[in-house]
Every structure is written in C-alpha cells, then in structure tokens.
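Listed below, chain by chain, are the residues.
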Amino acid sequence: MHDTLTLNENMPTKCKRCGVNANLKRPKTGDALCKECFYYAFELEVHNTIKGTNLFTSGETVAVAASGGKDSTVLAHVMKLLNERYNYGLTLMLLSVDEGITGYRDDSLETVKRNQQQYDLPLKIVSYGELYGWTMDDIVKQIGLKNNCTFCGVFRRQALDRGAALLNVDKIVTGHNADDIAETVIMNILRGDVARLQRCTSITTGNDGFLPRCKPFKYTYEKEIVMYAYFKKLDYFSTECIYSPNAYRGYARAYLKDLEAIRSSAIIDIIHSAEKFEIKKEVKMPKQGTCTRCGYISSCEVCKACILLEGLNRGLPRLGIGKTTKARLKKMQDVVSQNAPVPDKQATSSCICAATDITTTEPDIGTKLNNLTKVLDF
C-alpha cells in the first residue's frame, strides 16, 4: 500500500507546504507533502475535529480502546501527543479486550503491552473468558465461521463498557476512521436499519446511555492512518482476524473501494450525506433502556449479549442469530427472561441492539449493491 501512495524518488516533486522534496501524496487532498508536513497536517486535522466538536472537557479520564492494530495504535500515539501539545487536560488510559482468539489476539496484545511502555499509559485488559465464560475459540467451535462476528461484535462492545466502568473513566475513544463509518452507512442502508443509520455518523454516541464513545478519526482516511504509522515507524500489529474473512462488512468494504475508484471523494461524500439524513417524525424509533438480566443498555427487555450467552450456555448457539418477527423476538426474550424451554431450536431473535458485523452470505447482496449504486448516482 505504501508504494502506491508514496511518490517516485526520481520525480523532484516539491512539498506544497514548505517547498522541500515531497515524500508522499495525501489520498485525502492529493497534496504532495514531505513527511514532517504530513505529520503536521494529519495531527492538526484530528485536533480540529476534537476541538470543533467539543469531544472532551479538561479533567476528564479517557480510555483509549487499544487492539494493537494500526488504528488504535495511531490513536493512542496522537491522543497522547495532542493532549500534551494543546493541553487538553485529559488523563489517558489504554483499555483492551481479549476475545480469546489463539494466534491472533494473544499476539496483538503483546503489541498493546509494548505500546503501554512506549506511551507510558496505564493498561487494563478484560477478557471474554472472565466476563462471559466463553472465548471466541470456544464460540467458533459451537457456531462455526458463519455468524461468529455477531457474537464478537456484541460481546466486545459490552466488554469495553465494562472495562471502562472498572477504570472509572468518563469516556471511551475508538479508532473508527472515515472508511469504517462510510462502510457502516452502506451496511445500515442495505439492512434497512433506520435506528442505526440515524446515529452511525455521530462523532459521539452513548451520551444518553452507559458511557459516551468518541471517534476522533471520524474524518480521517484509513490510507492516511496507515501512512502515518508507516512513516512514524509506530509499533502495531497488522494481521487480520482469522475468523473474519466472511464478515458482512467485507461486502461493504469492497463496494466502497469500487466507488472510491470512480470518485476519490466517495468516502467523505457518503459520511456527509448520511449526516444530513432525517427520520420522519411519524417513524417510531426504539427507546433505550436497560437489560432486565444484566443491567446493560438495551433497546429490548433482554439485551443481545444475554440472548447470545443464553443460547451458548444451553447448547443452542443460534438462539440470537438472524432476523425474525416481533412475535418471535418476544418469545425468545421470554425464553431468556423466564429460563423457559426453547420453542424452536432454529428460532432466532432480531433486536435493535444486534451486532453491526453480522456474518452472512446473502444471495442478493450483489443486487442490493447495484441498486445502491444507482441511488447514489455513481
């Protein structure tokens, strides 16, 4: 990737900002810049995003969600740098989740532990095994490689919040970048998920819930995050999760890359368009409450995590997977709430708190994407 973005050394292109020989061409703006000017532009844009949206208040304690990957590593580096440079007055901590994926998460957590030493920040690691009694290795043995991302997405979000509660922090920051958000917009359109579509471009979510989550990289391109990590020689883990090759998000990612090849501004255009979406007043939106079993935030009586966990513990791992009617959803929630016999082993529940990364091989995904391209007029 770096070779496709950096300039040919034989071309004496000058940095647009300072006039010395340029090292790279910014994917976001097309500007030729030297490394130092790229660092400055990258960091300033993140700072402007933070200040322009009032993400933080001096005195707050903020947990940086750290996986060891490029996004979270650059986020930890930049948050520490900007906090000191601009005197945000924040207390920063690293928070990691161990999903229990042998050969992947155990290796990436070693990177996180090195980052802890490099950035001199406290680190807290919470694990699926401790919180739920199941690791992702165990879950995949039960469910297979289809729909496993549903479990991981639901459990990880809750695990982050529980870890943050243990640290007694005020907010969580995540490394979600512009590409991630544009992909999520596309996924929610394809699913017809109005509730998620309304909030997926928000730079802060959870203000009215358990704990606010902020995305300082909302307008930052993934390619530029990679370039920043590469030129800064940051220590990050670059292997993809071994259980995610068939994730639904992969369709949206591939589609977004095709759009970007047609229009270079496609990513930011999709985000800005989604920011202007308005839901008709007569549309009934789900109200957020708390799970009657675990007390975690949920739009349903019983949260998705409890439904999935109940299915695993009862030998029915597909209990909370897939789409269904409201009547069947009520039955499934009654099953979990009352610990009643399961009416149908194949019964599934659909909940507004369902995971974003539902793994599927939808036979009509190509048709949906083609129709979406026509709507977007690309």
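The preceding data block contains the structure.
Residues numbered from 1 in each chain as written. Predicted model: local features only at pLDDT ≥ 70, side-chain atom pairs only at ≥ 80, totals over all residues. Heavy atoms only, no water.

(A) The nonpolar core, seen in detail. In terms of nonpolar packing, the biggest core is built from 41 residues, with Phe38, Phe42, Ile50, Phe56, Val74 and Tyr228 touching the most fellow members. If you list the elements that add at least two residues to this core, you get helix H2 (35–52), strand E3 (61–65), helix H3 (70–85), strand E4 (91–98), helix H4 (105–119) and helix H10 (222–232). Discounting chain neighbours no more than four positions away, the residues touching Phe56 are Ile50, Val62, Met79, Leu90, Lys171, Val173 and Cys214. (Core = buried A, V, L, I, M, F, W, Y, C linked by side-chain atoms within 4.5 Å. Buried < 20%, exposed > 50% of the residue type's maximum accessible area, 1.4 Å probe, protein only. Helix = DSSP H or I, 4+ residues; strand = E, 2+ residues; numbered from the N terminus. Contact = heavy atoms within 4.5 Å.)

(B) Spotlight on the environment of Asp235. Tracing the backbone through its elements, the reader meets Asp235 in the loop between H10 and helix H11 (249–262). Put simply, Asp235 and Asn115 are 120 residues apart on the chain and 7.2 Å apart in space, counted from C-alpha to C-alpha. Setting aside residues up to four positions removed in sequence, Asp235 forms contacts with Thr73, Thr111, Arg114, Asn115 and Gln118. Side-chain polar atoms of Asp235 contact the side chain of Gln118, separated by 3.1 Å. (Polar contact = N/O pair within 3.5 Å; in protein donor to acceptor, adjacent residues only side chain to side chain.)

(C) View of unusual backbone geometry. With a phi close to 55°, Asn87 is a non-glycine residue in the positive phi region. Inspection of the secondary structure puts Asn87 in the loop between H3 and E4. Here Asn87 falls in the exposed class, since its relative accessible area comes to 65%. At Asn168, a residue that is not glycine, the phi angle is positive and equals roughly 60°. Among the secondary structure elements, Asn168 is positioned in the loop between helix H7 (148–167) and strand E6 (171–173). A relative accessible area of 64% means that Asn168 is categorised as exposed.

(D) Main features of the packing of H2 against H10. H10 packs onto H2 with a crossing angle of 130° between their chain directions and a minimal axis gap of 11 Å. It follows that H2 is oblique to H10 by the angle criterion. Remark: the crossing between H2 and H10 carries left-handed chirality. Between H2 and H10, the contacting residues are Lys35, Phe38, Tyr39, Phe42 and Glu43 on the first element and Glu224, Ile225, Met227, Tyr228, Phe231 and Lys232 on the second. Classifying every residue of the contact of H2 with H10 by side-chain character gives seven nonpolar, no polar and four charged. (Axes fitted to C-alpha atoms, helices over the stretch in contact; angles between N-to-C directions. Parallel < 35°, antiparallel > 145°, perpendicular 65-115°, else oblique. Left-handed = near helix turned anticlockwise from the far one by under 90°. Nonpolar A, V, L, I, M, F, W, Y, C, P; charged D, E, K, R; others polar.)

(E) Local environment of the environment of Glu224. Residue position: Glu224 is located in helix H10. On a C-alpha basis, the gap between Glu224 and Lys25 in space is 9.8 Å, while along the polypeptide they are 199 residues apart. Ignoring anything within four residues of it in the chain, the contact list for Glu224 reads Arg26, Pro27, Lys28, Phe38 and Phe42.

(F) Quick look at the pattern of salt bridges. Scanning the model with the defined rule gives 24 salt bridges in all. The partner of Lys257 in a salt bridge is Glu260, with the nearest N and O atoms 4.0 Å apart. In this pair, Lys257 and Glu260 both sit in helix H11, three residues apart, roughly one turn of the helix. (Salt bridge = Lys/Arg side-chain N within 4 Å of Asp/Glu carboxyl O.)

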